[in-house]
Amino acid sequence: MIEVERLSKSYGAFRAVSDVSFHVERGEVVGFLGPNGAGKSTTLRMLAGFLGPTAGRIRVGGHDIAEEPLLARQKLGYMPETSPLYPEMRVREYLTFRAELKRVPRRVRKDEVERAAVDARVDDVAEVLIGHLSKGYRQRVGLADALLGAPPVLILDEPTAGLDPNQIREVRSLIKRRGSEHAILISTHILSEVEATCTRALVIARGRLVASGTIDELRDLRRAQGARITVRGDERRALEVARGVRGVERASVEDSSAPLPGTVVLAIEHGAEGGPEVTEEVVAALVKAGIGVREVVARAASLEQVFSELTRGENEGESEGGA
Amino acid sequence: MRGFWPIFKRELFALFVTPLAWVLITAFLFFQGWHFYIIVVNFAAASGEALGDTGPVQAFFGQTMLLYLPLLVICPMLTMRLFAEERRSGTIETLLTAPVGAPAVVLAKYAATLATYAAMWAPTLLYIVIIARTGEVDWRVVGTSYLSVIAIGAGYLAIGTMTSALTNSQLTAAVLSAIGLCLLFLFGLGEFVFPDGPVRDVATHVSAWTQMNDASRGLVDSRRLIYDATVVLLPLFITVRAVEAWRWG
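## Notes on helix α11 (residues 170–189) of chain B
All names here are of chain B.
- The end-to-end C-alpha separation of α11 is 29 Å, in line with the 28 Å expected for 20 residues at 1.5 Å each.
- For α11, the full list of buried residues reads A173, A174, L176, S177, A178, L181, F185 and G188.
- Against α5 (69–79), α6 (81–89), α10 (139–166), α12 (198–206) and α13 (208–215) lie the buried residues of α11.

## Some words on the sheet that holds strand β10 (residues 208–214) of chain A
Residue and element names in this part refer to chain A.
- Read across the sheet, 6 strands follow the order β6-β7-β8-β3-β9-β10 without closing on themselves; strand pairing throughout is mixed. The open sheet has two free edges, formed respectively by β6 (76–79) and β10, since each of these has just one partner strand. Averaged over neighbouring strand pairs, the angle between their axes works out to 15° when direction is ignored.
- Of the pairings in the sheet, the one linking strand β3 (residues 29–33) to strand β8 (residues 183–188) comprises 5 bridges and is parallel in character. Note on β8: the bridge partner recorded for F32 is S187.
- Helix α1 (residues 40–47) contacts β3, β7 (153–157), β8 and β9 (200–205) of the sheet and is inclined by roughly 150° relative to β7.

## Some words on the interface of chain B and chain A
- The interface of chain B with chain A comprises 20 residues on the first partner and 21 residues on the second.
- Listing elements by their share of the side of chain B that touches chain A, those giving two or more residues are α1 (4–17) and α7 (91–96) of chain B.
- Within the side of chain B that touches chain A, the residues separate by chemical class into 8 nonpolar, 8 polar and 4 charged.

## A look at the domain arrangement of chain A
- Segmenting chain A into domains produces domain 1 (2–221) and domain 2 (225–300).
- Taking only C-alpha atoms, the centre of domain 1 of chain A and the centre of domain 2 of chain A are 44 Å apart.

## Let's talk about the nonpolar core
- Grouped together as the largest cluster of nonpolar side chains are 132 residues, with contacts concentrated most on A144 and I155 of chain A.
- Among the elements that make up this core, the one with the highest residue count is α10 of chain B (11 residues).
- Once you skip the residues sitting within four places of it in the chain, I155 of chain A turns out to touch L44, L47, A48, L76, Y78 and L185 of chain A.
- One finds A227, A238, I268 and I291 of chain A within the second-largest nonpolar core, a separate group that totals 17 residues.

## Here we look at the environment of V232 of chain B
- For V232 of chain B, the position within the fold is in helix α14 (residues 222–245).
- On a C-alpha basis, the gap between V232 of chain B and L125 of chain B in space is 25 Å, while along the polypeptide they are 107 residues apart.

## With respect to the sheet that holds strand β4 (residues 55–60) of chain A
Residue and element names in this part refer to chain A.
- Spatially, β2-β1-β4-β5 is the arrangement adopted by the 4 strands of the open sheet, whose pairing is antiparallel. Taken across any chain shown, the strands that pair with only one partner, and hence form the sheet edges, are β2 (14–24) and β5 (63–64).
- Running over the sheet, α1 touches β1 (2–11), β2 and β4 and is turned about 120° from β1.

Analysis parameters
- Residues numbered from 1 in each chain as written.
- Chains lettered and ligands numbered in written order.
- Predicted model: local features only at pLDDT ≥ 70, side-chain atom pairs only at ≥ 80, totals over all residues.
- Helix = DSSP H or I, 4+ residues; strand = E, 2+ residues; numbered from the N terminus.
- Expected span 1.5 Å × (residues − 1).
- Buried ≥ 20, exposed ≤ 12 C-beta atoms within 10 Å, placed from the backbone.
- Contact = placed C-beta atoms within 7 Å.
- Pairing = 2+ DSSP bridges.
- Axes fitted to C-alpha atoms, helices over the stretch in contact; angles between N-to-C directions.
- Nonpolar A, V, L, I, M, F, W, Y, C, P; charged D, E, K, R; others polar.
- Domains from an automatic or database assignment.
- Core = buried A, V, L, I, M, F, W, Y, C linked by C-beta atoms within 7 Å.

What follows is the structure in structure tokens.
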């Protein structure tokens, strides 16, 4: 439903998006994951036809966005990041305007507006001026707009940003419910969001696609973690012991954070296979070597670490590249 | 022209649910009412022989500066929000990702201001009715005068539409188009200033003053209508290209 081939976008010398390729099929909910400024919104804007790519091809619903822009956009429900709306219109007026603009046939237009408003949970504010709505409601009016006309492709740029936890849950369940009827691409910088709603994820960093895979594969990346161990004793000896344990990929001394004189903090990292057992073995080895263990804190890799891991992997030629 | 009709309706809606259009129309009608009043009082005071064959309708449309002055201010204010506001608030993104082409967007927005402009003039027909009850009205003059007023305004609004697409500040858009319109108008007055030669010919050709003066005597010069059409089409064409160019920003 969405086919992207070697997509690039440059602003002068700055490459915002570089050589990105992927596909999204009907029935898939794909998370587009990346830190702020990675090129997520730029890519989605190109998919929606708002920005022209510097190079590459985009097909939406079988139509090339450059050659048949109107047909391609007709297949697409797009919700921009900040969900910009006309403050002087009432919600129902706005959705009716958008439905007409999207060529929803006149005889079903009223029902379609009603359905989208109910789905996005904005039916209770249908007669309220958009300018008077809270951010959460505006966000969902934008979502209702994207749902109008049941387009086969949905592109949602950070659909849950600015919502409270209940609203986030509702929006996620809506996306899940709709997953089978559409090809959905949602962008986010929250890993748990992808875990909650998506069947597959694309990870973008500095304009490049650095990984793609199912949620299980992503979870494995996340399990690649380690521990921080505060020890008392000789730091070189402690490092030696820790590095000697099978499964430890990296061990180093965090010089900044020694809590007490005479103690050091060791940071150890191990691969996805080992898990907490490796930490256990490191602690056992340290104790056996006569080094006092004061504190052990398991450390889950943060999203930033996953990203740095992924971009490092790319430089070593380990990334999977496209989808 | 997919998308023309819904955008046209929304623009009219936006103009009339906010105070802007009402304020502009009210100010315009106050001004023209005062203008018409002065003319009628003058005609009532003057004796028949001093007037020649000029009537109050001719004077209203063809012989005073007061006809144009409000247009130079009101046209830029009618058009200033068209694109500038959509770009400032970001709604342009939802608009341009809907299945509509740039020409439809530009024409629909422009047409909405033109319709508002026409609505603004409509109540002045009452002046004609008042004159018709007390004297004779040359309906040909009325026809050509309104045609010219609409033709000149159409050009002014097209220029305003263009400047609104060139900036994302309403104020800048309004100031730019007001400056442009004033320069165009002043250049037209050059026909009374410049010595004989090509510059004066051009000035005469673009002169709104002469166009209205002719119209107030029942004359419509097809060359002027072609000029008016140019002033409408060229800015609108540039606007369409500007809207298309945003994709490549």
